[in-house]
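# Examining the three-dimensional arrangement
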Amino acid sequence: MWERSLVLSAPGKVILHGEHAVVHGKVALAVALDLRTFLRLRPCSEGSVCVRLPGVGVVRSWDTPRLQALRRGFAADFDESKPPSVEQLDTLKEFAGIAAGASAPESLATLAFLYMCLAISAKYGDVPSVDILVWSELPTGAGLGSSAAYAVCLAAALLTACGAISCPLKEGESTARWTEEELTLINSWAFQGERVIHGNPSGVDNAVGTWGGALRYQSGKITPLKRVPTLRILLTNTKVPRSTKVLVAGVKEKILKFPAIMNPVLDSIDAISQECQSVLEAMPANPSLEYYPVLEELFDINQHHLNVIGVGHPSLDRLCRVTASHGLHSKLTGAGGGGCGITLLRPDTSPLAVEAAKRDLCACGFECWETNIGAPGVTLHSSSSLNAEVLHALSES
């Protein structure tokens with residue numbers, strides 16, 4: 001039986017620069033967002049595996065003998081280098097009573113859990129009887145990597161429970177992280193979870209959730225930035241729904257229609273990403289004010305470019321106007337067409353200005369968080385390192 005209770009977390013993500021241009025082979029910078037998904041793993045003596053996801057209304061429990069029988073019934077092997085097969089997922093849907101075409105978050109989260117639980121136990125030995133509770137500070141469906149943070153937490157918890165990776169948190173420590181080799185294993189299984197949920201993900205979101213900090217992504221190649229300062233931001237959700245697929249198609253159409261106009265804009269967005277990378281890598285851990293005007297100007301230029309390629313939205317223009325009235329600089333993050341925006345906060349930005357900006361943004365009907373980017377990746381926590389809200393959410397309800 002698994003002996004101890006563990007709490008771990010993984011960050012969400014935002015795209016700092018390079019949205020949409022990345023689809024056309026340009027550089028994008030993705031950064032870890034210090035809004036986190038938390039997972040509590042507890043021993044459970046009843047010979048069952050239980051998962052509870054209050055955020056999406058999931059409470060499911062399965063007897064371990066039934067899970068073992070289900071795993072043995074698979075003809076195809078589980079392998080973290082191959083995507084989950086349609087047959088495997090169909091069998092799991094039937095087992096869990098999930099409708100064939102179900103795409104609701106609770107269905108996909110349950111399916112990802114079952115797949116990862118069976119695949120990891122097939123490779124490393126049975127997952128013991130455990131009770132898993134997951135709670136998140138991240139809104140779902142906002143392009144902030146909530147599903148990847150969930151998949152990273154699950155991978156780390158299940159791999160630890162079945163002994164495939166160590167449990168690095170020592171008595172008296174507040175937090176601990178795994179070795180590079182163990183993080184690579186966590187990331188590969190988290191990517192499998194993302195494949196269950198999204199079909200054909202890029203791998204950026206789970207990599208950010210695993211390693212934290214900032215990553216450069218270009219044409220399928222993911223490179224962690226050498227050193228990234230933690231930067232304060234406001235993250236604002238306009239709550240305007242959008243379709244990433246429709247926005248991506250719109251950009252492609254514009255490029256085909258006006259190649260001589262649009263291609264230089266994509267090249268310019270690429271140059272912004274690369275310039276930003278240079279600035280971030282030159283910044284010390286506690287950067288002085290001199291670096292911020294460049295970062296602010298890059299935000300402004302990129303926001304105009306994103307409007308030019310057709311992924312802006314009146315709600316995002318409003319967000320930029322509101323924050324500009326408080327001397328702050330913002331841009332959309334992710335797909336655009338609504339969704340979220342980020343606002344850079346300098347070290348000398350007064351708390352009064354931040355509060356006033358938040359108040360005005362909320363008055364627009366937006367949701368707003370003051371948080372950091374460049375946050376650590378998947379982390380183990382002692383209870384003493386968790387704030388009251390997290391402790392309350394992870395305690396028995």
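Below or above, wherever it landed, is the structure these notes cover. (Residues numbered from 1 in each chain as written. Predicted model: local features only at pLDDT ≥ 70, side-chain atom pairs only at ≥ 80, totals over all residues. Heavy atoms only, no water.)

## Some thoughts on the overall build of the protein
Selection rule: Strands are runs of DSSP state E lasting at least 2 residues, helices are runs of H or I lasting at least 4, and numbering of each runs from the N terminus. In this setup the radius of gyration rests on C-alpha atoms only. A globule is expected at 2.2 Å times the number of residues raised to 0.38. In this scheme, a residue with accessible area under 20% of its type's maximum is buried, one over 50% is exposed, and one in between is partly exposed, where area comes from a 1.4 Å probe on protein chains only. Residues are treated as being in contact if the distance between any of their heavy atoms lies within 4.5 Å. In short, Shrake-Rupley with a 1.4 Å probe defines the accessible areas, and a residue's cover is counted only from the protein chains shown. We count Lys and Arg on the positive side and Asp and Glu on the negative side, and we leave His and both chain ends out. By convention, the point assigned to a charge is CZ for Arg, NZ for Lys, CD for Glu and CG for Asp.
Within the protein one finds 12 helices and 13 strands. Taken over the C-alpha trace, the protein has a radius of gyration of 21 Å; the compact-globule value for 397 residues is 21 Å, and the two agree within 12%. Judged by the C-alpha coordinates and their principal axes, the protein covers about 60 × 50 × 40 Å. Counting the 397 residues in the protein, one finds 55% classified as buried. Counting only contacts in the protein whose residues sit at least 6 apart along the sequence, the fraction spanning at least 24 positions is 76%. Accessible surface for the protein amounts to roughly 16,700 Å². Of this, 54% is attributable to carbon and sulfur atoms. Looking at charge distribution, the protein has the averaged site of its 34 positive side-chain charges lying 3 Å from that of its 39 negative ones.

## A word on the pairing of strand β5 (residues 130-136)
Put simply, the test is: The rule for pairing is simple: two strands pair if DSSP sees at least two bridges between them.
Among the seven residues of β5, six are classified as buried, and the element is accordingly described as predominantly covered. As defined by bridge partners, strand β2 (residues 28-43) adjoins β5 across seven bridges and the pair is classed as antiparallel. Note on β5: the bridge partner recorded for Thr37 is Ser136. Here three bridges tie strand β3 (residues 48-53) to β5, and the two strands are oriented parallel to one another. By the bridge assignment for β5, Val51 is matched with Ile132.

## Some words on unusual backbone geometry
The residue His20 is not glycine, and still its phi comes out positive at about 65°. Here His20 shows up in the loop between β1 (6-17) and β2. Here the phi dihedral of Lys239 falls at roughly 65°; this positive angle occurs in a residue that is not glycine. On the secondary structure map, Lys239 appears in the loop between β9 (231-237) and α7 (244-257). Among the residues examined, Lys239 registers a relative accessible area of 51% and is labelled exposed.

## So, the nonpolar core
Here is the rule we go by: Nonpolar core, defined: a set of buried Ala, Val, Leu, Ile, Met, Phe, Trp, Tyr and Cys residues in which side-chain atoms within 4.5 Å join the residues together.
Counting residues in each nonpolar core, the largest one holds 91 residues, and the members touching the most others are Ile132, Ile186 and Leu235. Contact partners of Leu235, with chain neighbours within four places excluded, come to Val14, Leu33, Leu35, Leu144, Cys340, Gly341, Ile342, Glu367, Cys368, Trp369 and Thr371. Core analysis: the next-biggest nonpolar cluster, separate from the first, contains 25 residues, Ile309, Val311, Leu361 and Cys364 among them.

## With respect to the environment of Leu319
Of note, Leu319 is situated in helix α10 (residues 314-324). Its relative accessible area of 1% is what places Leu319 among the buried residues. Separated by 45 residues in the primary sequence, Leu319 and Cys364 have C-alpha atoms spaced 8.5 Å apart. With near-sequence residues (within four places) excluded, Leu319 lies in contact with Thr236, Thr238, Ser330, Gly341, Thr343, Leu361 and Phe366.

## Topic: the packing of helix α5 (residues 180-198) against helix α6 (residues 204-211)
Rule in force here: Axis geometry follows a simple rule: fit a line to the C-alpha atoms, using only the stretch in contact for helices, then measure angles between N-to-C directions, giving values from 0 to 180 degrees. Throughout, a crossing is termed right-handed when the near helix is turned clockwise from the far one, and left-handed when it is turned anticlockwise from it by less than a right angle. For this classification, the nonpolar set comprises Ala, Val, Leu, Ile, Met, Phe, Trp, Tyr, Cys and Pro, the charged set comprises Asp, Glu, Lys and Arg, and every other residue, Gly included, is treated as polar.
Running from amino to carboxyl end, α5 crosses α6 at an angle of 145°, the nearest separation of the two axes being 9 Å. Relative to α6, the crossing made by α5 is right-handed. Facing Glu180, Leu183, Thr184, Ile186, Asn187, Ala190, Phe191 and Glu194 of α5, the residues of α6 in contact are Asp205, Asn206, Ala207, Thr210 and Trp211. Counted by class, the contact of α5 with α6 contains six nonpolar, four polar and three charged residues.

## Quick look at the environment of Leu394
In this fold, Leu394 is placed in helix α12 (residues 388-394). Judged by its relative accessible area of 5%, Leu394 falls in the buried class. The sequence separation of Leu394 and Thr64 amounts to 330 residues, and the corresponding C-alpha distance is 24 Å. Not counting the four nearest positions on each side in its chain, Leu394 is found in contact with Val7, Phe38, Arg40, Leu133 and Trp135.

Function cannot be read off these values alone, since they describe shape.
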